[in-house]
There are 2 protein chains.
Amino acid sequence: MPIDYSLTLVADADFFKKIAVPGASGRDLLGIVDAAVQGGVTVVQLRAKALPFREFLDLGLRAADRLAGTGVPLIINDRIDIALACGADGVHLGQEDMPLAAARKILGGARIIGISVNTVEEARAAEAGGADYVGAGPAFATATKETALPVLGPEGIRSIKRAIRIPVVAIGGINAGNAAALADSGADGIAVISGILVAPDARRAAEDLRKAYKR
Amino acid sequence: MPIDYSLTLVADADFFKKIAVPGASGRDLLGIVDAAVQGGVTVVQLRAKALPFREFLDLGLRAADRLAGTGVPLIINDRIDIALACGADGVHLGQEDMPLAAARKILGGARIIGISVNTVEEARAAEAGGADYVGAGPAFATATKETALPVLGPEGIRSIKRAIRIPVVAIGGINAGNAAALADSGADGIAVISGILVAPDARRAAEDLRKAYKR
């Protein structure tokens, strides 16, 4: 079944820990995931680079449980072991994570592998290596993820989209206010972190992003 | 083929980084592994909790390459993804790493899974969960690994050995000087870190440890 990459929520547990109001009810990460899915999120990527292993695993297992039956795939960032342990639909790998060829060998052909790219060359290498999609970014300047990579802007996203045939998901600094500026880049979708995680109403935020990024 | 657990070298890359003399020739970690295998090491466990992912992966791939054909199994500490990527023979898991049941599901029955235990209860749980062996420790006080766990001593190792049927490997603070004190504990072997990594001659250190721990 083809994946609908329209709107990815990157549920970043490290970022969420920083912004979470202690004791605030109804503001747990998986509650936000639920609400965002109701609002139109089509892919959930779980990221937790700094979380202790067992906490990440527990979060992955609970996310898989929540998403079961929704049709929304769960992608685990970086950790193939956690993806396997929680029966996730795939992994998203950065340029410093497991090499694509090794990941494909471990995961087989049935699981989704996405690759972070910043250049046309990286995008072509990901496609040639058998990636299912690329996450191209940063689309805009972002404070969520510390990175020294050059901002691509709508033009950079378009160049990557033109260079490859696999789906391109734009990521980095995207919110309902600037998503429209990406709309004619040709990207197959957008991925959002703070635009949903810091919103007072995650469902509404997802709805607004879907409307703003009409292609 | 049954594994000979007589002498495990825990090749701890983090510890080695701390003690390594910069620029000293012939003192790379894999060179020590080679020499130790020549001296009688029967299992190599690669541990690198603090190493960047790609460095750990590279080290694992090179270790697998070096050990191919020697009959000495390569066990990767903690990271199942790295074990799979470098075709290692198994993994060694601590009580905070991947749960045994999940690890067995991912790795299947053909790969070795060892579990760190400090108590008879943990040892029984590891055996009941399908572990291939346990690493019981700390046998003696150790500075290599920061731990608040109580030292088992020869008596504690003996209690664990009596409680289970799978092989017991004693670990923690073991060197050629105190290995003999463990000899009648019934343990199937010993695992050593600094006792080999800091020795001026790793081959000789392994030979001395084999002699000292004659059961």
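Look up: the structure comes first, before these words.
Predicted model only: the values in this text are computed from it and were never measured.

K.L.:
I keep staring at the packing of aromatic side chains and nothing clicks. Help me out?
P.N.:
In this description, a pair of aromatic rings is defined by centroid distance and the angle of the planes. Residue and element names in this part refer to chain A. Within the structure shown, the criterion is met by two aromatic pairs over all chains. On the numbers, 4.9 Å between centres and 40 degrees between planes, the contact of Tyr5 with Tyr133 is tilted. You can see Tyr5 sitting in the segment before strand S1 (7-12) and its partner Tyr133 sitting in strand S6 (residues 133-136), a full 128 residues away along the chain. Classification of Tyr5 as buried rests on a relative accessible area of 8%. Under the relative-accessibility criterion, Tyr133 is labelled buried at 5%.

K.L.:
What exactly am I supposed to notice about the relation of the copies chain B and chain A here?
P.N.:
For the pair of chain copies, the relating operation is a rotation around an axis with a shift along it. Expressed as a screw transformation, the operator carrying chain B onto chain A has a rotation angle of 180 degrees and an axial translation of 0.0 Å, and the superposed copies differ by an RMSD of 0.0 Å. Taken together, the rotation angle and the small translation identify this as a two-fold axis. Closest approach to the rotation axis within chain B is made by the C-alpha atom of Asp81 of chain B, at a distance of 2.6 Å. When the interface residues of chain B are mapped onto chain A, 100% of them are again interface residues, pointing to one common binding face.

K.L.:
Just to check I follow, could you spell out the packing of helix H6 (residues 120-128) of chain A against helix H7 (residues 153-163) of chain A for this structure?
P.N.:
Any two packed helices are characterised by the angle at which their axes cross and by the distance between the axes. All names here are of chain A. The N-to-C vectors of H6 and H7 enclose an angle of 35 degrees; their axes lie 9 Å apart at closest approach. In this structure, H6 crosses over H7, and the sense of that crossing is right-handed. Two secondary-structure elements touch here, H6 through Val120, Ala123, Arg124 and Glu127 and H7 through Ser159, Ile160 and Ala163.

K.L.:
So what exactly am I meant to see when it comes to the nonpolar core here?
P.N.:
In a soluble, globular protein the nonpolar side chains are often hidden away together inside. Core analysis: the biggest nonpolar cluster contains 171 residues, and Ile196 of chain A together with Ile196 of chain B have the highest contact counts within it. When near neighbours in sequence (up to four residues on either side) are disregarded, Ile196 of chain A contacts Leu9, Ile32, Ala36, Val41, Ala202, Ala205, Ala206 and Leu209 of chain A.

K.L.:
Explanation requested: the interface of chain B and chain A in the structure shown.
P.N.:
Accessible area lost upon the coming together of the parts is a frequently used measure of interface size. Counting residues at the interface gives 16 residues for chain B and 16 residues for chain A. Across the interface of chain B and chain A, roughly 1300 Å² is buried in total on both sides, 65% from carbon and sulfur atoms. Between the two partners, chain B and chain A, sit zero salt bridges. Here chain B and chain A share four residue pairs in polar contact (both at pLDDT 80 or more) between them. Elements represented by at least two residues in the side of chain B that touches chain A include exactly helix H3 (53-67), helix H4 (80-85) and helix H5 (100-107) of chain B. Of the residues that constitute the side of chain B that touches chain A, the class distribution is ten nonpolar, one polar and five charged.

K.L.:
How do you make sense of the sheet that holds strand S8 (residues 189-192) of chain B when you look at a structure like this?
P.N.:
In sheet architecture, strand pairing relies on hydrogen bonds along the backbone and comes in two forms, parallel and antiparallel. All names here are of chain B. Sheet architecture is closed into a barrel: eight strands sit in the order S1-S2-S3-S4-S5-S6-S7-S8, paired in parallel fashion. The average undirected angle you get between the axes of adjacent strands in this sheet is 25 degrees. Packed onto the sheet, H3 meets strand S2 (43-47) and strand S3 (74-77) and runs at close to 165 degrees relative to S3. Helix H6 (residues 120-128) rests against strand S5 (112-117) and strand S6 (133-136) of the sheet, and its axis sits at about 165 degrees to S5.

K.L.:
Can you walk me through the pattern of salt bridges in this structure?
P.N.:
When the charged atoms of two side chains with opposite charge come close together, those side chains can pair. Across all of its chains, the model carries 26 salt bridges over all chains by this definition. A salt bridge links Lys161 of chain A to Asp188 of chain A, with the nearest nitrogen and oxygen atoms 2.8 Å apart. With a gap of 27 residues between them, Lys161 of chain A in helix H7 and Asp188 of chain A in the loop between helix H8 (179-182) and strand S8 (189-192) connect regions that are remote in the sequence. According to the relative accessible area criterion, Asp188 of chain A is partly exposed, its value standing at 24%. For Asp184 of chain B, the salt bridge is made with Arg158 of chain B, and the minimal N-O distance between the two is 3.4 Å. Here Arg158 of chain B lies in helix H7 (residues 153-163) and Asp184 of chain B lies in the loop between strand S7 (168-171) and S8, a separation of 26 residues in the sequence. The class of Asp184 of chain B is exposed, set by a relative accessible area of 54%. You can call Arg158 of chain B buried: its relative accessible area is 14%. One salt-bridge network, in which partners are shared between bridges, spans Lys49, Asp78 and Asp97 of chain A.

K.L.:
Please clarify how the sheet that holds strand S7 (residues 168-171) of chain A should be interpreted in this entry.
P.N.:
All names here are of chain A. The strand order S1-S2-S3-S4-S5-S6-S7-S8 describes a closed barrel built from eight strands, whose pairing is parallel. Averaged over all pairs of adjacent strands, the angle between strand axes in this sheet comes to 25 degrees, irrespective of strand direction. Where strand S5 (residues 112-117) meets S6, four bridges bridge the pair, whose relative direction is parallel. Its bridge partner lying in S6, Ile115 is registered against Val134. This element, helix H2 (residues 29-38), spans S1 and strand S2 (43-47) of the sheet and lies at about 175 degrees to S1.

K.L.:
So what exactly am I meant to see when it comes to helix H3 (residues 53-67) of chain A here?
P.N.:
All names here are of chain A. End to end, H3 covers 21 Å across 15 residues, agreeing with the expected 21 Å (1.5 Å per residue, within 8%). Along H3, the residues classified as buried are Phe53, Phe56, Leu57, Leu59, Gly60, Ala63 and Leu67. On an axial view of H3, the arc spanned by its buried residues comes to 165 degrees, and they lie on one face. Buried residues along H3 sit in contact with helix H1 (13-19), H2, S2, strand S3 (74-77) and helix H4 (80-85). Gly69 occupies a position one or two residues after H3 and carries a positive phi of about 90 degrees.

Cut-off values and rules
- Residues numbered from 1 in each chain as written.
- Chains lettered and ligands numbered in written order.
- Predicted model: local features only at pLDDT ≥ 70, side-chain atom pairs only at ≥ 80, totals over all residues.
- Heavy atoms only, no water.
- Phe/Tyr/Trp six-rings, centres within 6.5 Å; stacked < 30°, edge-to-face > 60°.
- Helix = DSSP H or I, 4+ residues; strand = E, 2+ residues; numbered from the N terminus.
- Buried < 20%, exposed > 50% of the residue type's maximum accessible area, 1.4 Å probe, protein only.
- Least-squares fit on C-alpha atoms with pLDDT ≥ 70 in both.
- Contact = heavy atoms within 4.5 Å.
- Axes fitted to C-alpha atoms, helices over the stretch in contact; angles between N-to-C directions.
- Left-handed = near helix turned anticlockwise from the far one by under 90°.
- Core = buried A, V, L, I, M, F, W, Y, C linked by side-chain atoms within 4.5 Å.
- Buried area = accessible area lost by both parts, 1.4 Å probe.
- Salt bridge = Lys/Arg side-chain N within 4 Å of Asp/Glu carboxyl O.
- Polar contact = N/O pair within 3.5 Å; in protein donor to acceptor, adjacent residues only side chain to side chain.
- Nonpolar A, V, L, I, M, F, W, Y, C, P; charged D, E, K, R; others polar.
- Pairing = 2+ DSSP bridges.
- Expected span 1.5 Å × (residues − 1).
- Arc of directions from axis to C-beta.

Take it as geometry only, folks, not as evidence of what the structure does.
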